[in-house]
Amino acid sequence: MDVVSSQSVEHFKNDVGTRFQLYNSLFTSLPFNRIEKTGILLSLLSNMCEEGYEKGLSPVEIIEDFFNRHTSFPDQKTQVDLLFRLIQYVERQVVLFDALEDASYKDINDLSGPGTLKQLLSAVTQNNKEKEFDEVLKNFCVRLVLTAHPTQFYPGSVLGIIRDLSKALEQNDASEINMLLRQLGKTPFLKKQKPTPYDEAVSLIWYLENVFYQAAGQIVDALKNQFPEVATDQHTLIKMGFWPGGDRDGNPFVTSATTLQVADALRAAVLRCYYHDVRRLRRRLTFQGVEDKMIGLEKKLYDEVFVPGNESNIRPKEIVAVLKEVKEIVDTYHNGLFVSKIEDLINKIEVFGLHFASLDIRQDSSIHEKVFSQIAASGKVLPEHYDSLSENEKVRLLLDLKQADVAPLLKDEVVKDTVDVINAMRSIQRSNGEEGCNRYIISHSTSVLNIIEVIGLFRLNGVYDAEMTADIVPLFETIEDLQNAGLVMKQLYSLPEYKEHLNRRGKTQTIMLGFSDGTKDGGYLMANWSIYRAKEELTRITRQYGFDVIFFDGRGGPPSRGGGKTHKFYASMGSHISNKEIQLTIQGQTVSANFGIIDSAQFNLEQLINAGVSNSLFTDRYPPLSGKKEELLQELSSYGFDAYKELKEHPQLANYLYEMSPLRFYNETNIGSRPAKRGGSQTSFTLSDLRAIPFSGAWSQLKQNVPGFFGVGTALKQMEYVGRFDELKQLYNDSLYFKTLLDNCEMAMSKSYFPITAYIANDEQFGDIWKMIYDEFVLTKQYIYKLTGHDTLMASYPVDKLSIRMRERIVMPLVTIQQYALVKLREGNSELEDSLREAYEKLVMRCSFGIINAGRNSA
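About the cut-offs
Residues numbered from 1 in each chain as written. Predicted model: local features only at pLDDT ≥ 70, side-chain atom pairs only at ≥ 80, totals over all residues. Heavy atoms only, no water. Buried < 20%, exposed > 50% of the residue type's maximum accessible area, 1.4 Å probe, protein only. Helix = DSSP H or I, 4+ residues; strand = E, 2+ residues; numbered from the N terminus. Pairing = 2+ DSSP bridges. Phe/Tyr/Trp six-rings, centres within 6.5 Å; stacked < 30°, edge-to-face > 60°. Lys NZ or Arg CZ within 6 Å of the ring centre and 35° of its normal. 1 Å grid on protein atoms, 1.4 Å probe; cavity = no way out; pocket = protein on both sides within 12 Å on 5 of 7 lines; lining within 4 Å. Points joined across faces, edges and corners; volume = space filled by probe spheres on them. Nonpolar A, V, L, I, M, F, W, Y, C, P; charged D, E, K, R; others polar. Axes fitted to C-alpha atoms, helices over the stretch in contact; angles between N-to-C directions. Parallel < 35°, antiparallel > 145°, perpendicular 65-115°, else oblique. Left-handed = near helix turned anticlockwise from the far one by under 90°. Contact = heavy atoms within 4.5 Å. Salt bridge = Lys/Arg side-chain N within 4 Å of Asp/Glu carboxyl O.

### Looking at the pairing of strand 8 (residues 548–554)
For strand 8, the buried fraction is high: six of the seven residues fall into the buried class. The pairing of strand 7 (residues 508–514) with strand 8 spans seven bridges and is parallel. Bridge pairing in strand 8 places Thr 508 opposite Asp 548. Direction of pairing for strand 8 relative to strand 9 (residues 581–587): parallel, over a ladder of two bridges. Its bridge partner being in strand 9, Asp 553 is matched across the sheet by Leu 584.

Next comes the structure, spelled out in structure tokens:
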């Protein structure tokens, strides 16, 4: 362990670990019934869990032993009531731990060290790369797209408490800490109703206003302080994207009205930020010649934000023009006083415009197919036999479509909305600027027709050619789709009409690649490798046709869904893979965990900026994978895929997840507006229509994290068998890509704990599948140690390892209670009385909150 890592570990132990134990004692003052006794009982249960699992006891045996030894409750109802009290206590412990980590963020992380903007700017100067740096920034940016995918279990009120509590902890304000813990005790964690898509949008807009607005501004300020000539007004370094209210894939509750409402909220939020900044600035700029200008600007912004029906339609250029005029006067006549604050606001306006974040529209290709099928049924706009035509024939018809009122021909509301949303996009562009809503993403893109269908939607609305100020983004997700993506795009680029469209859109094509469904479909190794290979092929093909390609990565929180040490993947991409921009989704827990406070948001944004820019400037830092190394990884991935396929095809896998995990209760958590599974039926259950998020979340709550490791051990063992293990060892030392791939696998494994579910090994129905998963876990750990030379998981990340260990210990009672309740439900079957059945179901669901929140990137 190096000196910096050693210091970080000590800071973590002192500032987080020790203080957690200290402030945890304040929980006895929480306003819960018999809270002091609950705290003592929780401590006893926690110890019994650790000791019990070491002895091979099951969750049921541990809980029943706990009741027998430490309580005198006569009936199951009273026992269940105690379990709910224990859950409430643990939920608050997790919040305290989150707040302590946030409060200590500056000390635990080196905010000026490797991967930061400061380190990048220093490297640019030392290597005399100023000109190259300026050229890279003319095109490069990081685009974070906030999504409403339901992996966030904290309601907004609790997030606010975490923010305030972390500030109080940073200042060691014991009185304020005590009051906030008491407030926490009275604040409900459970959402009684599912949020609407607009509710989800409002929750994420909070982060834009309170975190990203400041963090992005500070990054651009730091850049321009050292390189003032960088033209950030032409191409911004940071862009924000937004899915709540725009993503209607599988969510019938998102309509065009919702989309417009969210766009209005985004515009109002950013104008509110500008208004408050101008108001603060006006208090400083009290000089002759500028005060009246600032008062006038403040009034215009006030009218835009607070006066209903105001139609002034202020534009970003107008605000910037006033600020630049004020800056010139201050520079000339007032010694440049507070000029840095004026420049800070200008930088923010250049980043956020009037849109704050670009609202993406997303819909599944099957819905587009329905649109044109229903239109054709009338024989009025398209021929009746449209469905029986070849793909090429359909493409020609759609490219020649004329504007038509098709609403009377459409049978259901989702299909009607799919046509209407085009007008919503145009309306948003008029109010928020083109960047307000200029991308249409197509889920399950498998053909050229899927992309052209979206052009057909625009043409139906009378939007032709140059008027179409939007990018069409195909999303390739499954292993098969990823392998076929190159052929689809080659055919698309060959269409003259589409070539013209790209020429009008800056000769650039954006392609989205989905990590979540890829892993669910093909396993950890094959999914990641298929995306890498797809990026290589799509870069080559796109450049061959004279265009640039931008990859938009659909990443989730855990390693199995493209999360983990994401920035290292981007740093490892060679010049043969386009990295003109880094674009990725940030969802659920990852928003609050990695971007929940200004310090963490700035740090993680800088890591991505550094990775992307360094990859272009310092090409020898991480050499790209050569042909032989790629062939090695292809072989490894194939072995991993074979192992995963065997598990995926196990006849009991779907039943295993349904019966032994909390999966079937996912919809009842009320954390997201979107259903947990695709398709209309919520009763039948197959893996194919299960969404990737509940799939990953179920494994994480079982503490088995299958999507993050399964197949890795078998693949490594097979490579040893064929005599190529030493080559893999060398690759691990030479390739940042391969090392990061295994580092993330280790993270997933560190959050697995099989003793909790070891009782399943003796189950007649599921014993075989549990052993299959456990054996692969043991094998993977064995071969990772052999490959890395370490004797523990995550040895390269000691602080993260310590954090995970402490979080897993905090929630062990929750996982135990959840498994206890699941077993009771399974054993009781139809014999349980309704009230007790309902209580056990609520226990399962309630435990999910703390387990997922403590994991931070587990779903």
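Having put the structure on the table, let's press on.
### A short note on the packing of aromatic side chains
Counted under the stated rule, the structure contains 34 aromatic pairs. With centroids separated by 5.4 Å and ring planes inclined at 80°, the aromatic side chains of Tyr 275 and Phe 306 adopt a geometry described as edge-to-face. Of this pair, Tyr 275 sits in helix 11 (residues 256–284) while Phe 306 sits in helix 12 (residues 291–306), and the two are 31 residues apart along the sequence. Taking the relative accessible area as the measure of exposure, Phe 306 reaches 38% and is therefore partly exposed. Lying over the aromatic face of Tyr 658, Arg 664 brings its terminal NZ or CZ to 5.4 Å of the ring centre.

### Side note on the layout of surface pockets
For the second largest pocket, the calculated volume is near 670 Å³. Contributing elements (two or more residues each) for the lining of the second largest pocket: helix 2 (35–54), helix 31 (736–750), helix 32 (767–788) and helix 33 (798–828). The element best represented in the lining of the second largest pocket is helix 33, accounting for eight residues. Of the residues contributing to the lining of the second largest pocket, the split by class is 15 nonpolar, four polar and nine charged.

### Overview of the pairing of strand 9
With seven of seven residues buried, strand 9 lies mostly within the body of the structure. With burial as the criterion, each face of strand 9 is covered, one bearing Glu 581, Gln 583, Thr 585 and Gln 587 and the other bearing Ile 582, Leu 584 and Ile 586. Here seven bridges tie strand 1 (residues 141–147) to strand 9, and the two strands are oriented parallel to one another. The partner of Leu 144 across the bridge, within strand 9, is Leu 584.

### Comments concerning the packing of helix 16 (residues 391–399) against helix 18 (residues 448–460)
To describe two helices that pack against each other, one gives the angle between their axes and the distance between the axes. Relative orientation of the contacting elements helix 16 and helix 18 amounts to 20°, with a least axis distance of 8 Å. With respect to helix 18, the element helix 16 is oriented roughly parallel. With respect to the hand of their crossing, helix 16 and helix 18 are arranged in left-handed fashion. Where helix 16 abuts helix 18, its residues Glu 391, Lys 394, Val 395, Leu 398 and Leu 399 lie against Val 448, Leu 449, Ile 452, Glu 453, Ile 455, Gly 456 and Arg 459. Here the residues of the contact of helix 16 with helix 18 are counted per class, giving seven nonpolar, one polar and four charged.

### Structural notes on the sheet that holds strand 8
Strand order in the open sheet formed by nine strands is 3-2-1-9-8-7-6-5-4, with parallel pairing between adjacent strands. Of all the strands in the sheet, the pair left with one neighbour each is strand 3 (358–359) and strand 4 (361–364). Each of strand 5 (439–443) and strand 6 (471–476) is contacted by helix 18, which is oriented at about 140° to strand 5, the strand it contacts most.

### Concerning the side chain of Asn 615
With respect to the helices, strands and loops of the structure, Asn 615 is situated in helix 25 (residues 598–617). If near-sequence neighbours (up to four positions away) are discounted, Asn 615 is found in contact with Tyr 570, Ala 571, Met 573, Gly 574 and Asn 579.

### With respect to the packing of helix 11 against helix 14 (residues 339–352)
Orientation of helix 11 relative to helix 14, taken along the N-to-C sense of each, is 170°, at an axis distance of 11 Å. The angle between helix 11 and helix 14 places the two elements in the roughly antiparallel class. Contact residues: helix 11 offers Val 270, Tyr 274, Asp 277, Val 278 and Leu 281, while helix 14 offers Lys 341, Ile 342, Leu 345, Lys 348, Ile 349 and Phe 352. Looking at the contact of helix 11 with helix 14, its residues break down into eight nonpolar, no polar and three charged.

### As for the pattern of salt bridges
All told, the structure shown has 45 salt bridges when counted by the stated rule. Notably, a salt bridge pairs Glu 101 with Arg 807, separated by 2.8 Å at the nearest N-O pair. Of this pair, Glu 101 sits in helix 4 (residues 76–103) while Arg 807 sits in helix 33, placing them 706 residues apart in sequence. Each member of the pair, Glu 101 as well as Arg 807, carries the same accessibility label: buried. Close ionic contact of Arg 267 with Glu 304 constitutes a salt bridge, the shortest N to O distance being 3.0 Å. On the criterion of sequence distance, the pair formed by Arg 267 in helix 11 and Glu 304 in helix 12 is long-range, its members being 37 residues apart. Across the pair, exposure class does not vary: Arg 267 and Glu 304 are buried alike. Each member of the salt-bridge network shares a partner with another, and the members are Asp 277, Arg 280, Asp 344 and Lys 348.

### Brief notes about the side chain of Arg 846
The residue Arg 846 is located in helix 34 (residues 834–855) in this model. Accessibility expressed as a relative area gives 13% for Arg 846, which makes it buried. When sequence neighbours within four positions are dropped, the list of residues in contact with Arg 846 reads Phe 84, Ile 87, Gln 88, Glu 91, Arg 92, Phe 189 and Leu 190.

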